[in-house]
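Structural overview
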Amino acid sequence: MLYQPSTSGLLYGGPGSGKTAFAVSSFYDWRTGTPVTNNAKLVTFGREDNPALAVPESYRQTEKGTSLRFSSPALDSMDWLERFEAVTDMLLHEASKGNCLDVLVVDGMSEFDLLFEEVFSATNAGGDEFKKWNALLSQMFAIMMRLDPAALGCTVLVTARVMERKKERRSNRSAIAGDPDFVDFDYYPSLRGSFRLHFPHYFNYVLYMETQMMRVTEGQFEGKSLPAHILNMVRTGDFYVKNQWEHQWLQAGEELQIINPHFPNVHERMVNAMNLGVKVTA
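What this report covers is the structure whose coordinates are included nearby. (Residues numbered from 1 in each chain as written. Predicted model: local features only at pLDDT ≥ 70, side-chain atom pairs only at ≥ 80, totals over all residues. Heavy atoms only, no water.)

Let's talk about the overall build of the chain
Broken down by element type, the chain carries seven helices and 14 strands. Relative to its length of 282 residues, the chain is compact, with a C-alpha radius of gyration of 20 Å against a globular reference of 19 Å. Its C-alpha atoms give the chain principal-axis dimensions of about 60 × 60 × 50 Å. Counting across all 282 residues of the chain, residues that qualify as buried make up 45%. The long-range fraction of contacts in the chain, counting pairs at least 24 apart against all pairs at least 6 apart in sequence, stands at 69%. Of the roughly 14,900 Å² that the chain leaves accessible, carbon and sulfur atoms contribute 50%. Positive and negative side-chain charges in the chain, numbering 27 and 34 respectively, have mean positions lying 3 Å apart. (Helix = DSSP H or I, 4+ residues; strand = E, 2+ residues; numbered from the N terminus. Rg over C-alpha atoms; globule rule 2.2 N^0.38 Å. Buried < 20%, exposed > 50% of the residue type's maximum accessible area, 1.4 Å probe, protein only. Contact = heavy atoms within 4.5 Å. Areas by Shrake-Rupley, 256 points an atom, 1.4 Å probe, with all protein chains shown as cover. Lys, Arg positive; Asp, Glu negative; His and termini not counted. Charge placed at Lys NZ, Arg CZ, Asp CG, Glu CD.)

Given below as structure tokens:
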């Protein structure tokens, strides 16, 4: 297996922050157009896609040619969800026989959320609104159970958009309550419904990505400010970050933020931090 130990990671941030590029770099070096491993799959939902990465089609379909693009353009059928469930069942079955992927990337859980809501509403017109939210909650829990790296035998990377916490607003005439007081961060992974606060609990790490303008000091663009993609390894601002190996990462003297990250490099550094101070005995 390429990545040991197998972990689960959630990457979230705004558009263009580099979530998909970082996740894809775990199996395909899109900068050079060369594979890191051929034993990987990329799942996308709805309109989630990044053609600039030029990911080869072999990563985007099963060995039997089943597409791993799950959508319902007319918003009139849950067939996409049934196909996704069938694919995950197949991956779990293969893993139980020892035929595991090196990495599975699921791009777009925020898009899954919105797609599910819209198709469910369209196909259950006039139905109980609570039925939709209960169904979504059930599906989210089911997906998190299925995307268990221990069961799949591989590293699992998931992406999501960013959501801003609602602040309490008051006027002389009314008050609109914000999120619960115990939520002490302003930015977190975007999901609707009650599952949004459960979501991060299912991952070993939840890392926030953002774009910052940085001044170039050499080369063709010397003196210019260009966008850099930042991976936040620990929480240093008003955004949520979870890193189960935070103590080891800091003890190893690693960076709080990684500029233009590449997954194999970040994974190697994470493993080195995990093993820091571990004594091997005969």
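On we go.
With respect to helix α7 (residues 263–274)
An ideal rise of 1.5 Å per residue puts 16 Å on 12 residues; α7 measures up with 16 Å between its terminal C-alpha atoms. Taken as a whole, α7 has its buried residues at Phe263, Val266, His267, Arg269, Met270, Val271, Ala273 and Met274. (Expected span 1.5 Å × (residues − 1).)

As for the pairing of strand β12 (residues 225–232)
Judged from the eight bridges that link them, strand β11 (residues 205–215) and β12 form a sheet pairing that is antiparallel. Looking across to β12, one finds that Arg215 is bridged to Ser225. Pairing analysis gives three bridges linking β12 to strand β14 (residues 257–259), with the strands arranged antiparallel. Along β14, the bridge assignment pairs Asn232 with Gln257. (Pairing = 2+ DSSP bridges.)

What about the nonpolar core?
Phe27, Trp80, Phe112 and Phe199 are the most contacted members of the largest nonpolar core, which has 74 residues in total. Looking at this core, the element that brings in the most residues is helix α3 (residues 109–123), giving six residues. Residues in contact with Trp80, not counting those within four places in the same chain, are Phe45, Phe70, Ser71, Ser72, Phe112, Leu115, Phe116 and Val119. (Core = buried A, V, L, I, M, F, W, Y, C linked by side-chain atoms within 4.5 Å.)

Looking at the pattern of salt bridges
One pass over the full model with this rule turns up 12 salt bridges. Notably, a salt bridge pairs Arg146 with Asp89, separated by 3.3 Å at the nearest N-O pair. You can see Arg146 sitting in helix α4 (residues 129–146) and its partner Asp89 sitting in helix α2 (residues 79–96), a full 57 residues away along the chain. (Salt bridge = Lys/Arg side-chain N within 4 Å of Asp/Glu carboxyl O.)

Structural notes on the side chain of Lys41
Mapped onto the elements of the fold, Lys41 is located in strand β4 (residues 40–45). For Lys41, a relative accessible area of 9% translates into the label buried. Engagement of the side chain of Lys41 in a polar contact is seen with the backbone oxygen of Gln61, the distance being 2.8 Å. When near neighbours in sequence (up to four residues on either side) are disregarded, Lys41 contacts Ser58, Tyr59, Gln61, Thr62, Glu63, Leu68, Leu101, Val103, Leu104 and Val105. (Polar contact = N/O pair within 3.5 Å; in protein donor to acceptor, adjacent residues only side chain to side chain.)

What to know about the packing of α3 against α4
Between α3 and α4, the least distance of the axes is 10 Å, while the angle of their chain directions is 145°. For the pair α3 and α4, the crossing hand works out as right-handed. On α4, the residues that touch Met109, Phe112, Asp113, Phe116, Glu117, Phe120 and Ser121 of α3 are Lys131, Lys132, Trp133, Ala135, Leu136, Gln139, Met140 and Ile143. When its residues are assigned to classes, the contact of α3 with α4 shows nine nonpolar, two polar and four charged. (Axes fitted to C-alpha atoms, helices over the stretch in contact; angles between N-to-C directions. Left-handed = near helix turned anticlockwise from the far one by under 90°. Nonpolar A, V, L, I, M, F, W, Y, C, P; charged D, E, K, R; others polar.)

Points about the environment of His201
When you line up the elements, His201 lands in the loop between β10 (187–189) and β11. Residues His201 and Lys242 lie 41 residues apart in sequence; the distance between their C-alpha atoms is 8.9 Å.

A closer look at unusual backbone geometry
Along the chain, Gln4 connects to Pro5 via a cis peptide bond; the corresponding omega equals -5°. Relative to the elements of secondary structure, Pro5 occurs in the segment before β1 (8–13). Positioned with a positive phi, Leu75 is a non-glycine residue whose angle comes to about 55°. Checked against the element boundaries, Leu75 lands in the loop between β5 (69–70) and α2. For Leu75, a relative accessible area of 32% gives the class partly exposed. A positive phi is found at Asn260, a non-glycine position, where the angle reads about 45°. By the secondary structure assignment, Asn260 is in the loop between β14 and α7. For Asn260, a relative accessible area of 44% gives the class partly exposed.

What to know about the side chain of Asn204
Among the secondary structure elements, Asn204 is positioned in the loop between β10 and β11. A residue is classified by how much of its surface remains accessible, and Asn204, at 16% relative accessible area, is buried. Of the polar contacts made by the side chain of Asn204, one reaches the backbone nitrogen of Ser8; its length is 2.8 Å. Here the side chain of Asn204 touches Gln244 through a polar contact of 2.8 Å, side chain to side chain. Residues contacting Asn204, with those up to four places away along its chain left out, are Thr7, Ser8, Lys242, Asn243, Gln244 and Trp245.

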